[in-house]
Each structure stands twice: as C-alpha cells, then as structure tokens.
Amino acid sequence: MSTYFDFAGRFRLDVRLNLIPCSRDRQYAFGLALSRTAMTRLTPGARRGCASGWPLPTMRLRSPWKAPRMDTRRLYSFIKIIDAGSITRAADILHIAQPALSQQLSALETQFGQQLLIRSKRGVAPTEAGRALYRHAQLILRQVDLAHAAVEVSGRAPAGSVSVGLAPYSLGAALALPLLKSVRERYPDILLHINENFGGVISEAIMTGRMDMAFIYGAGPLRGVQFEPVRTEDLFLIGAPGETAPPGQGEVNLEELTNVPLLLPSRIHTIRQVVDAAFQQASLQLNVVGEVESALTLVNTVDAGLGATVLPWSAARAILDVRSLSVRRIVEPVIQVKLSLVTSDNQPLSEPALAVHNLFLELIEDKDRQ
C-alpha cells in the first residue's frame, strides 16, 4: 500500500516519490528520484482517480546522466595538431594515418558539440573553443603524467621531471649552476629542465602547466600565477670607465644618463620597462643605441665599449667581469626591480617540484648571506 501526504489540497506525495497534482484540470504528474524529475501524462481516468486519492502506477524514470568518457589519446593528438598547425604534419609526428587522426578530431568535436579547428589550404587554426580545450588539455595531460610519476616513486626519494624558468639578466643566471649542482647531489632521480626566457612567456607556461616554477622580475598580481616575493634590487649603470660610463665613482644621478649610449633589452623585459618609466617620470630622454636579448652578446658589446647597460648588481656580477668596469648605483631617483618565485595558482606542485622549490629558496638565502 501507498502512504500519501496532502499538501494544501493541491498535491499528494506517496512514498514512491510520485508528486501528483490533485485538481481535475491537471494533465501531468511529476515523480522525483535521486534529484531527477520524471513526468508522465495522466489519462482522464487517472485524473479522476487523483482527485479521489487513488495511487498512481509507478512512473519509469530516465537512467542517471553519465559523464562522457575522456580519451587522453585524443587530447594528446589534438595538442599535436595545434602545435604542428596541420593535421598532415601532426600525423607524421604521431606516426599514425591521417584518416585515423581526422577521426579522433571529429570525435572530439562531436563530444564537445563545438568546432575546434578552422581548416584552410595553409593548415589548421584553433577556434575560440579549440584554444580553450588546448589550454585545459595541457593541464589534464600534465596532471596524468604527475600522477604516474607519483605512483611510481611512492615511498622512494623524489623523482621525475621538473621545469624551472629563469628571467634573463637576473639573479637566476647566478643560481642556475648551483641549482643544477644541488639537485644532482640531493635528488639524483630528478631531471631538471632550465628555461631562460622573458617573464610573460614564462608566466604563460606556468598557467598552462608546461612549467613548474620560475624566478622572474615582478610581484604580480597575475591571474593563474602565484607570486612569492623574494627580494628587491637596485639598478646600476655598468660600462667601460671613461668611455661609455660617465666619469666618476659612487652613485650616479639619473639625469647624467641622458647622454650615455645604452644597451638594453627590448620593451617586453621588466628592466627596460622600469627604466623607461623612470626616464618618463623625470621628463628625460633615453639614449638607447641597441636592444640586446642575449646575455653573451651584452657582455661582448659592453666589454668592447659600444655602450653601457643597466642591471641589478647580482645579475651584473653573474654575467660581467665587473672588476674592469664602472659600476655605479643609479639615484635621484633610485630605480628598483622586484624578483619573485612564481608557481601555478590552480594546481599544486608535485613532490619533486616541491623539493626543487625548497632548494631554490635555500640557494637564494645563501646568496643573501654572501
């Protein structure tokens, strides 16, 4: 038998979770089960029975919704197609037939109900939906790799691959060698990958999961990236004494730099941005004679007397023979840059990455004590 509960004369609820409208002009009864709703049309006889309080037959409910299965092979293939810019080239890289790769792409588009690529004679380009899937696919596959690595080394010393980014012309240049040496000594099963690039490129790599951590200029905020401020450094004018650098010793006023031929990185670099901002705020003209992105080229051009440069002391000491150069702190105003250790804000560090992170902080503290 069924038990009914009367709701203000409008509905009756039986223990079989059938929610029944009890007025004669209603045409539907609603059933609830496990947060799902089922609906059935009432026959005229059932509507008359509803008004009399008769029990209704148990309604058939739809089976629970199931999430579509995600094939990581398709995601990997999709990433390779985007990176290669062509289905044909991606098929060659993956060593599979092009029709099979096209079928994988079609299956992904069917699964998401979106066009993921724009095809043309020159190749393929991702749509807005394709770019979104590309970002998430990289994160998913990296998490899968981390899961495999964590399971394999469970109970043993940290092991696996760790990627670290370093901003050029920074303290990172001085830490690269000690970091490699320390990782090999303490964690021989960790494979350390060091990438020297600009902050914007590195930040994007961290957001997309292609890099674990980085030591870069800046203190944020930046969406998807967590900044851990480490230190603030003053900038120095460095050049051949009596040739490209102003004569004298000690500090040098910003105004004295207006006639100095400067070799600086391009405007995407934080050092260039803060130098440009200081000159602009002081209403002074910056005399840039060359934009140099290579640390080796910068060393050679400064040594050759082609110009002076502006760097933090730690970076200058790491890449230049400062004993033969004029090194003067810039004042009025003092120009400073902030250095931070950055990680992803939406995914935790793996065990080997956390070990390298802590080791990195130890090396920075050692540098500060020197």
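Here we summarise the structure given alongside this text. This one's a predicted model, so the numbers in the text were calculated from it and none came from an experiment. (Residues numbered from 1 in each chain as written. Predicted model: local features only at pLDDT ≥ 70, side-chain atom pairs only at ≥ 80, totals over all residues. Heavy atoms only, no water.)

What about the overall build of the protein?
When helices and strands are tallied, the protein shows 11 helices and 17 strands. Considering only intrachain contacts with a sequence separation of at least 6, the fraction spanning at least 24 residues in the protein is 68%. Counting every atom, the protein has about 20,900 Å² of accessible surface; 52% of that belongs to carbon and sulfur. (Helix = DSSP H or I, 4+ residues; strand = E, 2+ residues; numbered from the N terminus. Contact = heavy atoms within 4.5 Å. Areas by Shrake-Rupley, 256 points an atom, 1.4 Å probe, with all protein chains shown as cover.)

Let's talk about helix α3 (residues 87-94)
Because the α-helix completes a turn every 3.6 residues, residues three or four places apart line up on one side. All of the buried residues along α3 are I87, A90, A91 and L94. One side of α3 holds all its buried residues, which, seen down the axis, span an arc of 105°. Contacts made by the buried residues of α3 are with α2 (72-84), α4 (98-112), β6 (117-120) and β7 (123-126). The distance from a side-chain oxygen at the start of α3 to the backbone nitrogen of T88 is 3.2 Å, and the residue carrying that oxygen is S86. Positioned one or two residues after α3, H95 has a phi angle of 60°, which is positive. (Buried < 20%, exposed > 50% of the residue type's maximum accessible area, 1.4 Å probe, protein only. Arc of directions from axis to C-beta. Polar contact = N/O pair within 3.5 Å; in protein donor to acceptor, adjacent residues only side chain to side chain.)

Section: unusual backbone geometry
For the bond running from E332 to P333, omega is 0°, close enough to zero to count as cis. Turning to its location among the elements, P333 is positioned in the loop between β16 (326-331) and β17 (336-344). Even without a glycine there, the phi angle at H95 is positive, about 60°. When you line up the elements, H95 lands in the loop between α3 and α4. Judged by its relative accessible area of 70%, H95 falls in the exposed class. Of note, E332 is a non-glycine position whose phi angle comes to about 50°, a positive value. Within the fold, E332 resides in the loop between β16 and β17.

Looking at the packing of α2 against α3
Direction vectors running N to C along α2 and α3 enclose 125°, while the axes themselves pass 8 Å from each other. As summarised for this structure, α2 and α3 are arranged oblique, according to the angle between their axes. Of the two elements, α2 crosses α3, and the hand of that crossing is right-handed. For the pair α2 and α3, contact is made by Y76, S77, K80, I81 and A84 and by I87, R89, A90, I93 and L94, respectively. Class assignment for the residues of the contact of α2 with α3 results in seven nonpolar, one polar and two charged. (Axes fitted to C-alpha atoms, helices over the stretch in contact; angles between N-to-C directions. Parallel < 35°, antiparallel > 145°, perpendicular 65-115°, else oblique. Left-handed = near helix turned anticlockwise from the far one by under 90°. Nonpolar A, V, L, I, M, F, W, Y, C, P; charged D, E, K, R; others polar.)

A few points about the pairing of β17
With respect to burial, β17 is a largely interior element, seven of its nine residues being buried. Relative to β17, strand β10 (residues 213-217) is paired through five bridges, and the arrangement is antiparallel. Note on β17: the bridge partner recorded for F215 is L341. Pairing geometry for strand β11 (residues 225-239) and β17, over nine bridges, is antiparallel. When the sheet's bridge partners are listed, Q226 is paired in β17 with T343. (Pairing = 2+ DSSP bridges.)

Describing the pattern of salt bridges
Evaluation of the coordinates by the stated rule reveals 11 salt bridges. The salt bridge involving R73 is made with D71; its shortest N-O contact spans 3.2 Å. We note a salt bridge from E109 to R119, for which the minimum N-O separation is 3.6 Å. Of this pair, E109 sits in helix α4 while R119 sits in strand β6, placing them 10 residues apart in sequence. Residue class for R119 comes out partly exposed when judged on its relative accessible area of 44%. Linked through salt bridges whose partners overlap, the residues forming this network are R267, R272, D276 and E291. (Salt bridge = Lys/Arg side-chain N within 4 Å of Asp/Glu carboxyl O.)

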